[in-house]
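These are the residues of each chain, in order.
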Amino acid sequence: MGDMDPVKLMKQEVGRAAAAQVKSGSIVGLGTGSTTAFAIQFIGERLAAGELTDVVGIPTSFQASVLAKKHGIPLTTLDEAPRIDIAIDGADEVDPQQNLIKGGGAAHTREKVVDGLAERFVVVVDSSKLVDKLGSTFALPVEVLPMAVAPVTRALTALGGTPELRMGVNKDGPVITDQGNMVLDVKFTGIDNPAELEKTVNNIPGVLENGLFVGLADEVLIGEVIDGKASVRTM
Ligand SMILES: O=C(CO)[C@H](O)[C@H](O)COP(=O)(O)O
């Protein structure tokens, strides 16, 4: 196990467990983020070892496609693929009903398309992501057309949220998504009805998609480190 940071270790083991679920001949939705990055790496390793054949990926972001190429996973698109057998993706919060907040990497719009189409959507998280109520630790990411940032900010404030425009790191100005839009991170003091809020927010003109994933997850794999030993459990 070495000296690997425990959070990284949890992410690695949960990524490995998700990659082990991929079968030969599958079309795989490839999520975004540091946990899914391990799953992508292990799918690539299984392909290279000949343990898996005929696997193609559908990336949920530019970053996922970069990683897939690096690890030798052939890619396809939703235009070409007749189905998605399994999608593997991370989350920023998971509640006891397996509802999620996603979008910490500003990729939630494409992620919802791909994860939502998958026959089986497997979520990979470390135990720090588990919450009793969504919105208690993480602000809700909302992708917004740049020309609509001001009115959408007002509408989200009227809903009781505190929106903040996500700013770039090592880049002046706001984060720009893969679609050329901006992201408002909206702090709520706990979300009582995620299904209703998901629809209400998406109904604001200028909103492309928000990070509430309600009723989409089929399985949540949780990485834990107990007494220095990494393990994976299902929810
Ligand atoms: O939703 C996401 C990207 O938009 C990620 O899946 C989420 O932010 C979790 O990332 P990580 O595995 O790095 O904690």
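Residues numbered from 1 in each chain as written. Predicted model: local features only at pLDDT ≥ 70, side-chain atom pairs only at ≥ 80, totals over all residues. Heavy atoms only, no water.

## Focus: the pairing of strand β12 (residues 219-226)
For a regular strand, side chains alternate in direction, first toward one face of the sheet and then toward the other.
Argument step 1. With six of eight residues buried, β12 lies mostly within the body of the structure.
Argument step 2. Note: strand β6 (residues 120-126) against β12, five bridges, orientation parallel. Paired with valine 122 across the two strands is glutamate 219, which belongs to β12.
Argument step 3. Sheet topology places β12 next to strand β13 (residues 229-234); six bridges connect them, and they run antiparallel. The partner of isoleucine 226 across the bridge, within β13, is lysine 229. (Buried < 20%, exposed > 50% of the residue type's maximum accessible area, 1.4 Å probe, protein only. Helix = DSSP H or I, 4+ residues; strand = E, 2+ residues; numbered from the N terminus. Pairing = 2+ DSSP bridges.)

## Details of the domain arrangement of the protein
Argument step 1. By domain assignment, the protein separates into domain 1 (4-128 + 213-232) and domain 2 (138-206).
Argument step 2. Using only C-alpha atoms to locate each centre, domain 1 and domain 2 end up separated by 24 Å.
Argument step 3. Between domain 1 and domain 2, the contact holds 15 residues from the first and 17 residues from the second.
Argument step 4. Interface area, domain 1 with domain 2, both sides summed: about 1200 Å², of which 53% is carbon and sulfur.
Argument step 5. The largest contributions to the domain 1 side of the interface with domain 2 come from Ile101, Ala106 and Val214, which together make up 37% of the buried area.
Argument step 6. Between lysine 112 and glutamate 198 there is a salt bridge, with its nearest N and O atoms 2.6 Å apart. (Domains from an automatic or database assignment. Contact = heavy atoms within 4.5 Å. Buried area = accessible area lost by both parts, 1.4 Å probe. Salt bridge = Lys/Arg side-chain N within 4 Å of Asp/Glu carboxyl O.)

## Digging into the UniProt feature "active site" (unreviewed entry) in the protein
Argument step 1. Residues annotated by UniProt as "active site" (unreviewed entry) correspond here to Glu111.
Argument step 2. Mapping glutamate 111 onto the fold places it in helix α4 (residues 108-117).
Argument step 3. Among the residues examined, glutamate 111 registers a relative accessible area of 2% and is labelled buried.
Argument step 4. When sequence neighbours within four positions are dropped, the list of residues in contact with glutamate 111 reads Thr32, Thr60, Asp89, Lys102, Gly103, Gly116 and Phe213.
Argument step 5. Polar contacts involving the side chain of glutamate 111 include one to the side chain of lysine 102, which spans 3.0 Å. (UniProt positions renumbered as here; feature names shortened; annotations may be inferred. Polar contact = N/O pair within 3.5 Å; in protein donor to acceptor, adjacent residues only side chain to side chain.)

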